[in-house]
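This is what each chain is made of:
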Amino acid sequence: MSAQTPYEPKIVAFLCKWCSSAGSDLAGVSRIQYPANATPITVACSGGVSPQFVLSAFHKGADGVLVSGCHIGDCHYMEGNFHARRKLYLVKELLEFTGVEPDRFRMSWVSAAEGAKFAQVVRDFVEDLRPLGPQDKLKAERP
């Protein structure tokens, strides 16, 4: 990265097919401006996102990981987002143990009708990651 090029964090975003992914689509078709820093990965449900997925994203060079699903109580799979909230709550502790700042991980609840909210979540996450700089803790440990 040169002195003229500002740091742009790379974000991997695991998005629930039914709500958050549709919310990101709505932001796009509504032409709501937000940074293109997030690479979306559509999953059936936020409850299916394993902590291993999060660690793998960091290991492969992500500066931040976002998991986003349906609002609590509105999951298309009844309790998927409750499961996500419980298991991914521990991810921050696991990240800290592995040497990654816990602020590099974020969860959000965005419905299909909330394109503007999805855009704001990405904007906020990018701005919060910039002062942390590139994440290289796990990359340095690769064989």
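Reading guide: rules and limits
- Residues numbered from 1 in each chain as written.
- Predicted model: local features only at pLDDT ≥ 70, side-chain atom pairs only at ≥ 80, totals over all residues.
- Heavy atoms only, no water.
- Salt bridge = Lys/Arg side-chain N within 4 Å of Asp/Glu carboxyl O.
- Helix = DSSP H or I, 4+ residues; strand = E, 2+ residues; numbered from the N terminus.
- Buried < 20%, exposed > 50% of the residue type's maximum accessible area, 1.4 Å probe, protein only.
- Phe/Tyr/Trp six-rings, centres within 6.5 Å; stacked < 30°, edge-to-face > 60°.
- Contact = heavy atoms within 4.5 Å.
- Pairing = 2+ DSSP bridges.
- Axes fitted to C-alpha atoms, helices over the stretch in contact; angles between N-to-C directions.

*Asks:* Explain the pattern of salt bridges to me, using residue names and the numbers behind them.
*Replies:* Summed over all chains, the structure comprises four salt bridges. Arg106 serves as the salt-bridge partner of Asp128, at 2.6 Å between the closest nitrogen and oxygen. Of this pair, Asp128 sits in helix α5 (residues 115-129) while Arg106 sits in strand β4 (residues 105-109), and the two are 22 residues apart along the sequence. Residue Arg106 is classed as partly exposed on the basis of its relative accessible area, which comes to 22%. Here Arg130 makes a salt bridge to Glu127, at a shortest N to O gap of 2.2 Å. Relative accessible area serves as the criterion here: at 45%, Glu127 is assigned to the partly exposed category. Connected via shared salt-bridge partners are Glu8, Glu127 and Arg130.

*Asks:* Lay out the packing of aromatic side chains with the relevant residues and their values.
*Replies:* Going through the model one piece at a time under the given rule, you end up with two aromatic pairs. Judged by centre distance (5.7 Å) and plane angle (85°), the ring pair of Tyr34 and Phe118 falls under edge-to-face. Of this pair, Tyr34 sits in the loop between α1 (20-29) and β2 (38-43) while Phe118 sits in helix α5, and the two are 84 residues apart along the sequence.

*Asks:* Tell me about the environment of Ala62, and name the residues and values.
*Replies:* With respect to the secondary-structure elements, Ala62 resides in the loop between α2 (51-59) and β3 (64-69). For Ala62, a relative accessible area of 5% translates into the label buried. Counting along the chain gives 42 residues from Ala62 to Arg104, while the straight-line C-alpha distance between them is 9.1 Å. Setting aside its immediate chain neighbours within four residues, Ala62 contacts Lys10, Val12, Ala57 and Gln135.

*Asks:* Tell me what's going on with the sheet that holds strand β1 (residues 11-16), and back it up with residues and numbers.
*Replies:* Judged by pairing direction, the sheet is parallel, and its four strands sit side by side in the order β2-β1-β3-β4 without closing on themselves. Edge strands, defined here as strands with exactly one partner in the open sheet, are β2 and β4. Neighbour to neighbour, the strand axes of the sheet diverge by 20° on average, direction disregarded. Summarising the sheet, β3 and β4 pair through five bridges and their orientation is parallel. Paired with Leu66 across the two strands is Arg106, which belongs to β4. Those strands touched by α2 are β1, β3 and β4, and its axis lies near 150° from that of β3. Contacts from helix α3 (residues 80-89) reach β3 and β4, with the element oriented near 160° to β4.

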